[in-house]
Amino acid sequence: MSKIILLRHGEVAIENYTNISAKEFGKWIVAYNNSDIKSEFSSKKKIKSLLNKTDILICSNLKRSIRSIEIFNKTPFEANAIFNEAQLPFSNWNLLKLNPKIWLIFFRVLWFFGYSQNCESYKQTKQRAKKATQKLIELSKQNETVILVGHGIMNKLIQKELILKDWHETKKSKNDNWDYGVLELKNQ
C-alpha cells in the first residue's frame, strides 16, 4: 500500500515586527522566507519517529522546509521549488500601517479572489500543485512511504489533487506547524 505524508514545516522564528505598510510587507515576506525555524517543540519525538520510517523524504526549497528536515539530521532526497508555499501578494501602498499578521490574512484573502500583484496567481499555484502531486505519485510508485515536508496551503492543494486521484485520507491534518496528513492508495 502506497502512502504519501504531507508534513507542514516547523514554526518560523521571525522577530516581532511593529506595524508596517503594505509596501514594507514585501520585505517582511522575504525576511519570513529567509528565517530559521524554532528547534524546540512538543511533538519532536513523534516527528523523528515518522521521518525515520519513510522510504523517501522530499521538501520545498524554502529555508523553513529544509531546516525542518535538518534539525533531525536528515538530508532530503530532493528540495524542489514545485513544493514551495503559495506566494503572497503585496502592494506599494504606504498609507496604512498594520501588523504583518493582519497584512498576511488580508493579502491571502485577496489572493484567493484573484489579486496577485508581485506573486504567482491562485490559478498558477493550483497548476503547480497538480504537477507537484504528479511528482509525488511517481515517487510513490518506487517508494512505499513518501514524506513531503511542505507548507500549509500548498499541502492542502496537493491533498485535494491526491483525493481526486483516488487517494484516501487516513489522517487529517489540522494545518498546524509539525502536523501532517496521511493519504494512502490501496493496491489495485
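Placed above this text is the structure.
From a predicted model like this one, the values you see are computed outputs, not experimental measurements.

Cut-offs used in this document
- Residues numbered from 1 in each chain as written.
- Predicted model: local features only at pLDDT ≥ 70, side-chain atom pairs only at ≥ 80, totals over all residues.
- Heavy atoms only, no water.
- Helix = DSSP H or I, 4+ residues; strand = E, 2+ residues; numbered from the N terminus.
- Contact = heavy atoms within 4.5 Å.
- Polar contact = N/O pair within 3.5 Å; in protein donor to acceptor, adjacent residues only side chain to side chain.
- Pairing = 2+ DSSP bridges.
- Axes fitted to C-alpha atoms, helices over the stretch in contact; angles between N-to-C directions.
- Left-handed = near helix turned anticlockwise from the far one by under 90°.
- Nonpolar A, V, L, I, M, F, W, Y, C, P; charged D, E, K, R; others polar.
- Expected span 1.5 Å × (residues − 1).
- Buried < 20%, exposed > 50% of the residue type's maximum accessible area, 1.4 Å probe, protein only.
- Arc of directions from axis to C-beta.
- Salt bridge = Lys/Arg side-chain N within 4 Å of Asp/Glu carboxyl O.

Caption draft 1: Looking closely at the environment of Asn61. By secondary structure assignment, the location of Asn61 is in the loop between strand 3 (56-59) and helix 3 (63-70). Linking Asn61 and Glu78, residues 17 residues apart in sequence, is a C-alpha distance of 8.6 Å. Setting aside its immediate chain neighbours within four residues, Asn61 contacts Ile66, Ala79, Asn80, Ala81 and Asn84. Polar contacts involving the side chain of Asn61 include one to the side chain of Asn84, which spans 2.8 Å.

Caption draft 2: Seen up close, the sheet that holds strand 6 (residues 145-150). Strand order in this open sheet of six strands is 4-3-6-1-8-7, and the pairing throughout is mixed. Only two strands of the sheet have a single partner each, and these edge strands are strand 4 (78-79) and strand 7 (168-171). Looking at chain direction, strand 3 and strand 6 are connected through four bridges and run parallel. Residue Ile58 lies in a different strand from strand 6, and its bridge partner there is Leu148. The sheet strands contacting helix 6 (residues 152-164) are strand 1 (2-8), strand 6, strand 7 and strand 8 (180-185), and the helix crosses strand 1 at an angle near 160°.

Caption draft 3: Up close: the packing of helix 5 (residues 122-142) against helix 6. Contact geometry of helix 5 with helix 6 gives a least axis separation of 9 Å together with a crossing angle of 60°. Of the two elements, helix 5 crosses helix 6, and the hand of that crossing is right-handed. Two secondary-structure elements touch here, helix 5 through Tyr122, Thr125, Lys126, Arg128, Ala129, Lys130, Ala132, Thr133, Leu136 and Ile137 and helix 6 through Met154, Leu157, Ile158, Glu161 and Leu162. Considering only residue class, the contact of helix 5 with helix 6 consists of nine nonpolar, two polar and four charged.

Caption draft 4: Quick peek at the environment of Ile82. Within the secondary structure, Ile82 sits in the loop between strand 4 and strand 5 (97-98). Contacts of Ile82, omitting those with residues within four sequence positions, involve Arg128, Lys131, Ala132, Lys135 and Met154.

Caption draft 5: Molecular detail of helix 4 (residues 100-112). Counted at 1.5 Å a residue, the expected span for helix 4 with its 13 residues is 18 Å, and the 18 Å between its end C-alpha atoms agrees. Residues of helix 4 that are buried include every one of Pro100, Trp103, Phe107, Arg108 and Trp111, and no others. Seen along its axis, helix 4 keeps its buried residues to an arc of 125°; they face one direction. Away from its buried face by more than 90 degrees, helix 4 exposes Lys101 and Ile105. Among the structural elements, strand 2 (20-21), helix 1 (22-33), strand 5, helix 5 and helix 6 are those in contact with the buried residues of helix 4. Two to three positions downstream of the cap, the backbone nitrogen of Lys101 sits 2.8 Å from a side-chain oxygen, assigning the N-cap of helix 4 to Asn99.

Caption draft 6: Structural detail: the pattern of salt bridges. On inspection of all chains with the given rule, the structure shows 10 salt bridges. One salt bridge in this structure joins Lys171 and Asp179, with 3.2 Å as the shortest N-O distance. By relative accessible area, Asp179 is classed as buried at 14%.

Caption draft 7: Representation of unusual backbone geometry in the model. For Asp166, which is not glycine, the phi dihedral falls at a positive 70°. The topology assignment puts Asp166 in the loop between helix 6 and strand 7. Taking relative accessible area as the criterion, Asp166 reaches 51% and is therefore assigned exposed. Of note, Asn175 is a non-glycine position whose phi angle comes to about 70°, a positive value. Assignment of secondary structure puts Asn175 in the loop between strand 7 and strand 8.

These results come straight from atomic positions and should not be treated as a statement about function.
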